[in-house]
Amino acid sequence: TIQQLQGWAKNGNVNVVHYLHILDAELAVLQGKNKKAKKSFNAAIATSRRHGFLQDSALAHELASAHFRAQGDDYWGNYHIECSGACYQEWGCNKKVEQLM
């Protein structure tokens with residue numbers, strides 16, 4: 001649950017912080033809070049990279065891309081999908097890169 005993740009993060013578990021940001025971003029998307037979604041996606045991307053979770057950074061970029069494209073913002077949608085592909089490729093997930101492109 002989100003409460004369990006929050007508890008782990010509060011106790012210093014850095015392995016879950018980026019997941020909370022992703023969930024926060026997706027909730028903001030559902031609520032139509034676009035600025036909060038952008039901020040939360042950026043936080044998810046930064047924290048996942050900082051703590052070595054390349055695959056989760058790729059996922060956060062992928063979700064951010066979908067959000068921006070749904071808003072009609074192809075510039076940021078394309079930027080995030082390219083970043084997602086680069087992260088997946090660095091992680092060694094070439095089939096996912098093919099799927100994205």
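Below you will find a few notes about this structure.

Rules and cut-offs
Residues numbered from 1 in each chain as written. Predicted model: local features only at pLDDT ≥ 70, side-chain atom pairs only at ≥ 80, totals over all residues. Heavy atoms only, no water. Salt bridge = Lys/Arg side-chain N within 4 Å of Asp/Glu carboxyl O. Helix = DSSP H or I, 4+ residues; strand = E, 2+ residues; numbered from the N terminus. Buried < 20%, exposed > 50% of the residue type's maximum accessible area, 1.4 Å probe, protein only. Contact = heavy atoms within 4.5 Å. Axes fitted to C-alpha atoms, helices over the stretch in contact; angles between N-to-C directions. Parallel < 35°, antiparallel > 145°, perpendicular 65-115°, else oblique. Left-handed = near helix turned anticlockwise from the far one by under 90°. Nonpolar A, V, L, I, M, F, W, Y, C, P; charged D, E, K, R; others polar. Expected span 1.5 Å × (residues − 1). Phe/Tyr/Trp six-rings, centres within 6.5 Å; stacked < 30°, edge-to-face > 60°. Lys NZ or Arg CZ within 6 Å of the ring centre and 35° of its normal.

Some words on the pattern of salt bridges
Part 1: For the coordinates displayed, the defined rule picks out four salt bridges.
Part 2: Between D24 and K36 there is a salt bridge, and its shortest N-O distance comes to 3.5 Å. One end of the pair, D24, is in helix α2 (residues 17–30); the other, K36, is in helix α3 (residues 34–50), with 12 residues separating them in the sequence.
Part 3: Assessed through its relative accessible area of 39%, K36 is described here as partly exposed.
Part 4: Close ionic contact of E98 with K95 constitutes a salt bridge, the shortest N to O distance being 3.9 Å. Here E98 pairs with K95, and both are found in helix α6 (residues 94–100), just three residues apart, close to one helical turn.
Part 5: Overall, E98 belongs to the exposed group, its relative accessible area being 54%.

Describing the side chain of H61
Part 1: Locating H61 in the fold gives a position in helix α4 (residues 54–70).
Part 2: Among all residues touching H61, those that are not within four sequence positions of it are I45, H80, C83, S84 and C87.

Describing the packing of α2 against α3
In helix packing, the relevant descriptors are the interaxial angle and the interaxial distance, both defined with respect to the helix axes.
Part 1: Running from N to C, α2 and α3 point in directions that differ by 160°, and their axes come no closer than 8 Å. One way to sum up the angle between α2 and α3 is to call them roughly antiparallel. Between α2 and α3 the crossing geometry is left-handed. Counted together, V17, H18, H21, I22, D24, A25, E26, A28 and V29 of α2 and K36, A37, S40, F41, A43, A44, T47 and S48 of α3 form the full contact between these two elements.
Part 2: Of the residues belonging to the contact of α2 with α3, the class tally is nine nonpolar, five polar and three charged.

A look at α3
Part 1: Taking 1.5 Å as the rise per residue, α3 with 17 residues should run 24 Å; its terminal C-alpha atoms sit 24 Å apart, in good agreement.
Part 2: Of the surrounding secondary structure, the elements contacted by the buried residues of α3 are α2, α4 and α5 (74–91).
Part 3: Trailing α3 by a residue or two, G52 shows a phi angle of about 85°, which is positive.

Some thoughts on the packing of aromatic side chains
Part 1: The tally for this structure, following the rule as stated, stands at two aromatic pairs.
Part 2: When the ring of W76 is compared with that of Y79, the centres are 5.3 Å apart and the planes differ by 85°; the resulting orientation is edge-to-face. Of this pair, W76 and Y79 both sit in helix α5, three residues apart, which is roughly one turn of that helix.
Part 3: By the ring-pair criterion, three or more aromatic residues cluster together here, those being Y75, W76 and Y79.
Part 4: Of note, K38 hangs over the ring of W76, and the distance from its end group to the ring centre comes to 5.4 Å.

A word on the packing of α4 against α5
Part 1: Following both chains from N to C, one finds α4 and α5 inclined at 160°, their axes separated by 7 Å at the closest point. As judged from the angle between their axes, α4 and α5 are roughly antiparallel. The handedness of the crossing between α4 and α5 comes out as left-handed. In this structure, α4 uses L54, Q55, S57, A58, L59, H61, E62, A64, S65, F68 and R69 to contact α5, whose residues at the interface are D74, W76, G77, N78, H80, I81, C83, S84, C87, Y88, E90 and W91.

Honestly, that's just the spatial picture; any functional story needs more than this.
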